[in-house]
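# Chains, contacts and geometry: an overview
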Amino acid sequence: MPDQAIVALLDGIQWLDAPPSWPDDVTRSWLTERGSMTRRLERYCGQIRVQRFREGFVPACIEPGEAALLPDCGRFWLREVVLYGHDKPWLTARTLVPAATKAGPAQHVLSLGDVPLGQWLFRHRPPARDIMQFGRVGDLWARRARLLPDGQPLLLTEAFLPDCPLYARGGGAPE
């Protein structure tokens, strides 16, 4: 599946109104991970490769649910990526940062390049997280969190792709 189609999955997420009834403890563990998802994925492959799909300023949030979770500042930094492990797409993610947070997270996210967001976000201690939502896109799981690095909001949406270790048989232990 080309990166464009993979990233488009982010637009099709159906957000759940209530926390889901988890099919198993492994799924719950992956979806409620409070540490770095990048680090968790790296336990399976050593190093994650980031393929940036879209990056730049946008005049508004992509979808209404995102707008409700961020301050209305008129302009946002958007970063959409696909994370690869073992040369297979494992996760697609969208990061939105209000442009008004120039002195904080926005400056760092603007200059990440091909570095995974998690390497910057979790460099010292996990950022505060005040909202966590769960969703589905077809049979795939997704999550969305509002993180507060340095007290300033950043919205991170992640969809776990079919080759992600989350779906591996045997309990999800590293290979």
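Residues numbered from 1 in each chain as written. Predicted model: local features only at pLDDT ≥ 70, side-chain atom pairs only at ≥ 80, totals over all residues. Heavy atoms only, no water.

### Remarks on the confidence of the model for the protein
Chain-level statistics for the protein give a pLDDT mean of 84 and a share of 84% at 70 or above. Averaged over each element, pLDDT in the protein is lowest for helix α5 (residues 105–110) (65) and highest for strand β1 (residues 14–15) (94). Here residues 171–175 scores under 50 on pLDDT; set against residues more than four positions off or in separate chains, the count is nine contacts. (pLDDT = per-residue confidence, 0-100. Helix = DSSP H or I, 4+ residues; strand = E, 2+ residues; numbered from the N terminus. Contact = heavy atoms within 4.5 Å.)

### Concerning the sheet that holds strand β4 (residues 88–98)
As summarised here, the arrangement of the seven strands in space is β1-β5-β6-β7-β4-β3-β2, forming an open sheet in which the pairing is antiparallel. Of all the strands in the sheet, the pair left with one neighbour each is β1 and β2 (49–58). In terms of strand pairing, β2 meets strand β3 (residues 76–85) through nine bridges, oriented antiparallel. Considered in β3, the bridge of Val 58 is made with Phe 76. On top of the sheet, helix α3 (residues 37–45) reaches β3, β4, β6 (140–148) and β7 (154–160); it is set at about 165° to β4, its chief contact. (Pairing = 2+ DSSP bridges. Axes fitted to C-alpha atoms, helices over the stretch in contact; angles between N-to-C directions.)

### A short note on the packing of aromatic side chains
Here the structure, examined in full by the defined rule, presents five aromatic pairs. Ring centres 6.5 Å apart and planes at 80° place the aromatic pair Trp 30 and Phe 160 in the edge-to-face group. Placement of Trp 30 in helix α2 (residues 25–31) and of Phe 160 in strand β7 is noted, with a sequence separation of 130 residues between them. For the pair Trp 30 and Phe 160, one class covers both residues: buried. Ring centres 4.9 Å apart and planes at 80° place the aromatic pair Phe 57 and Trp 77 in the edge-to-face group. Here Phe 57 is found in strand β2, whereas its partner Trp 77 is found in strand β3, with 20 residues between them in sequence. The exposure class assigned to Trp 77 is buried, which follows from its relative accessible area of 10%. Grouped by ring-pair contacts, the aromatic residues Trp 22, Phe 134 and Trp 141 constitute a single cluster. Above the plane of the ring of Phe 57 lies Arg 75, whose end atom (NZ or CZ) is 3.8 Å from the centre. Across the ring face of Trp 15, the terminal group of Arg 144 is positioned such that the distance to the ring centre comes to 4.1 Å. (Phe/Tyr/Trp six-rings, centres within 6.5 Å; stacked < 30°, edge-to-face > 60°. Buried < 20%, exposed > 50% of the residue type's maximum accessible area, 1.4 Å probe, protein only. Lys NZ or Arg CZ within 6 Å of the ring centre and 35° of its normal.)

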